[in-house]
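Okay, here's what each chain looks like letter by letter:
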Amino acid sequence: MENTHTVDHEEASRLAEFERRIDNGDIIEPNDWMPAEYRRLLIRQISQHAHSEVIGMLPEGNWISRAPSLRRKLGLLAKVQDEGGHGLYLYAAAETLGATRDDMVAALLEGRAKYSTLMTYPTVTWADVGAVGWLGDGAGVINQTSLLRTSYGPYARALARICMEESFHQRQGYEIMCAMADGGGEQRRMAQGALDRWWAPALMMFGPPDDASPNSSLSMRWRIKRESNDTLRQRFVDATVPQAEAIGLRVPDPQLRWNEDKGGYDFTPIDTDELLRVAKTGGMAGLDRLTARRAAVEEGAWVRRAMLTHARKQRLAAGEAA
Ligand code: FAQ
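The text that follows walks through the structure, step by step, so that each part is easy to find. (Residues numbered from 1 in each chain as written. Predicted model: local features only at pLDDT ≥ 70, side-chain atom pairs only at ≥ 80, totals over all residues. Heavy atoms only, no water.)

1. With respect to the site of the ligand
Spelled out, the test is: Only a single heavy atom is needed: when it lies within 4 Å of a molecule or strand, its residue is near that molecule or strand. N or O atoms within 3.5 Å of each other form a polar contact, as long as, within protein, one can give a hydrogen and the other can take it, and as long as residues adjacent in sequence are counted only when both atoms are side-chain atoms. All accessibility values rest on the Shrake-Rupley procedure with a 1.4 Å probe; residue burial counts only the protein chains present in the view. The way it works is that DSSP assigns letters per residue, a run of H or I at least four long becomes a helix, a run of E at least two long becomes a strand, and they are numbered from the N terminus. Three classes are used: nonpolar for Ala, Val, Leu, Ile, Met, Phe, Trp, Tyr, Cys and Pro, charged for Asp, Glu, Lys and Arg, and polar for all others, with Gly counted as polar.
Close to the ligand lie 37 residues; R44, Q48, K114, S213 and K225 are nearest. In this structure, an oxygen atom belonging to the ligand sits 2.9 Å away from a side-chain N or O atom of R44. At 3.0 Å from a nitrogen atom of the ligand is found a main-chain nitrogen or oxygen belonging to M204. Considering the ligand on its own, with 1,100 Å² of exposed area, one finds that the protein chains cover 92% of that surface. Only α2 (36-55), α4 (70-95), α6 (126-147), α7 (153-181) and α11 (272-281) provide two or more residues apiece to the shell around the ligand. Broken down by element, the shell around the ligand gets its largest block of residues, seven residues, from α6. Its residues assigned to classes, the shell around the ligand comprises 13 nonpolar, 15 polar and nine charged.

The structure is reproduced here in structure tokens:
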């Protein structure tokens, strides 16, 4: 009994010290003491983020062979490669918390892990590639720029590189939309169609409303997340509506109005039921995405085996030479 009491006391004082460091704005590093729940929340968020980046390669990857010019093909190819790199930085950040890559990938392939609902909608025309970059990466930049100040060091450092590239992707997507909005009637209709399809999914990227977000209170208290889902969603709407207007496209929301008092737009709340249903079931294209991912993992197994064998041989040779 006395022992349990001592352990509880020690645990409480470690937690108090951890929270003091958080309040002080300290950055938590892998070897620092942290509550098990902090570790769990981070592994959950970082691995979901990594899966989203890797699955996010698929809706755009579909268009590499059909991009309308060599220049567009090169730009898209580079973007899709960047997303793969972001996944790797993020998996590596989650590994510093004790998660293994094999477990994280297995959770994704077995349908146990979530990834962004954005990636579950199909890209039906070339304009969708523009809209995914403009709106999807645009939402990503707003969300992840806020996360740059996250309390966990390896996540913050991965995000610093990711944000720079995502900003570039947002510009690239917007530039595709500008060209199409400036084109003939058919191109303009395609651009408007893509905005109509991707507006709601982009707003859903920020998660459920604050009062329906189970992870937010602890994540905010421990500064894993620095701003709330609704605050970031509002920032995205306020930044993006003028961009649509500048190229003569109409945001598909009848309730969209500038609200002078709050200094931002009023807009239709997201469909939280749809968000949670799609996050759980994978929505329209979820099955295709996981099938494609599973095939990539299986077809690449020989490369991983060959690289591991090569690395082992090199280590052995270095050991013999020493
Ligand atoms: N999709 O309690 P909350 C990109 C889940 S990649 C699916 O509010 P939290 C690059 C949530 O996980 C975009 N699931 O959760 C790109 C939780 O489930 P759990 C990915 C969602 O974590 C662009 C439950 O609902 N970005 O940008 C979604 O506090 C274009 C309750 O929600 C990140 O991952 C959703 N949209 O807030 C690449 C950024 N929303 O685990 C290619 C980092 C919520 O309890 C093309 N992540 N859920 O079972 C975050 O900031 C947060 O995790 C949120 C969710 C804001 C996504």
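Back to the text.
2. Remarks on a nonpolar patch on the surface
Under the convention used in this document: Patch definition: residues above 30% relative accessible area lacking any salt bridge, with like charges linked at up to 9 Å and the nonpolar side chains Val, Leu, Ile, Met, Phe, Trp and Tyr linked at up to 5 Å. Here, a salt bridge means any side-chain nitrogen of Lys or Arg that lies within 4 Å of a carboxyl oxygen of Asp or Glu.
Taken together, W302, V303 and M307 make up a surface patch of nonpolar side chains, about 350 Å² in accessible area. Position of M307 among the secondary structure elements: in helix α13 (residues 301-321).

3. A few points about the nonpolar core
Soluble, globular proteins show a tendency: their nonpolar side chains are buried together. In plain terms, the rule: We define a nonpolar core as any set of buried Ala, Val, Leu, Ile, Met, Phe, Trp, Tyr and Cys residues linked to one another through side-chain atoms lying within 4.5 Å. Three labels apply to residues, based on accessible area from a 1.4 Å probe with only protein chains included: buried if under 20% of the type maximum, exposed if over 50%, partly exposed otherwise in between. Contacts are residue-level and defined by heavy atoms, with any inter-residue pair within 4.5 Å sufficient.
Residues Y38, I46, L135, Y152, W199 and F236 are the most contacted members of the largest nonpolar core, which totals 74 residues. Looking at which element gives the most residues to this core, the answer is α6, with 10 residues. Leave out the neighbours within four places in its chain, and W199 touches L135, F236, V237, T240, V241, V251, P252 and D253.

4. Structural notes on the packing of aromatic side chains
How two aromatic rings sit relative to each other is set out by the distance from centre to centre and by the angle between their planes. The condition that has to hold: Aromatic pairs are defined between Phe, Tyr and Trp rings, using the six-membered ring for Trp, whenever the two ring centres lie within 6.5 Å; interplanar angles under 30 degrees are classed as stacked, those over 60 as edge-to-face, and all others as tilted. Charge-over-ring placement is defined geometrically: NZ (Lys) or CZ (Arg) within 6 Å of the ring centre, and within 35 degrees of the ring normal.
The full count for this structure, using the stated rule, is 10 aromatic pairs. Plain terms: the ring middles of W258 and Y265 are 5.0 Å apart, the flat faces sit at 80° to each other, and that makes the pair edge-to-face. Overall, W258 belongs to the partly exposed group, its relative accessible area being 45%. An aromatic cluster is built from F18, W33, Y38 and W222, whose rings are joined through pairwise contacts. Here R66 stacks its cationic end above the ring of W63, 4.1 Å away from the centre of that ring.

5. Some remarks on the pattern of salt bridges
All told, the structure shown has 19 salt bridges when counted by the stated rule. When the shortest N-O distance is used, the salt bridge between E227 and R235 registers 2.5 Å. Since its relative accessible area comes to 16%, E227 is described here as buried. Connected via shared salt-bridge partners are E60, K79, E83 and D137.

6. Some words on the environment of N24
Within the fold, N24 resides in the loop between α1 (2-23) and α2. Among the residues examined, N24 registers a relative accessible area of 53% and is labelled exposed. For N24 and V278, which are 254 residues apart along the polypeptide, the C-alpha to C-alpha distance reads 38 Å. Within polar-contact distance, the side chain of N24 engages the side chain of D26 at 3.2 Å.

7. Section: the packing of α4 against α7
Applicable threshold: Throughout, an axis means a line fitted to C-alpha atoms (over the contacting stretch in the case of helices), and angles, computed between N-to-C directions, take values from 0 to 180 degrees. In this scheme, roughly parallel covers angles under 35 degrees and roughly antiparallel covers those over 145, while 65 to 115 is roughly perpendicular and the rest are oblique. A clockwise turn of the near helix away from the far one marks a right-handed crossing, whereas an anticlockwise turn of less than a right angle marks a left-handed crossing.
Put simply, α4 and α7 touch, their axes get as near as 10 Å, and they point 160° apart. Looking at the two axes, α4 sits roughly antiparallel to α7. For the element pair α4 and α7, the recorded crossing hand is left-handed. Facing α4, whose interface residues are R71, R72, G75, L76, K79, D82, E83, H86, Y89, L90 and A93, α7 presents P154, Y155, A158, R161, I162, E165, E166, H169, Q172, E175, I176 and A179. A class-by-class count of the residues in the contact of α4 with α7 yields 10 nonpolar, four polar and nine charged.

8. Considerations on the packing of α6 against helix α10 (residues 229-246)
The interhelical angle for the contact between α6 and α10, taken along N-to-C directions, is 140°, at an axis separation of 10 Å. Considering their axes alone, α6 and α10 lie oblique with respect to each other. Of the two possible hands of crossing, α6 and α10 adopt the one that is right-handed. Between α6 and α10, the contacting residues are W134, L135, G138, A139, I142, N143 and S146 on the first element and L232, R235, F236, A239, T240, Q243 and A244 on the second. Grouping the constituent residues of the contact of α6 with α10 by class yields eight nonpolar, five polar and one charged.

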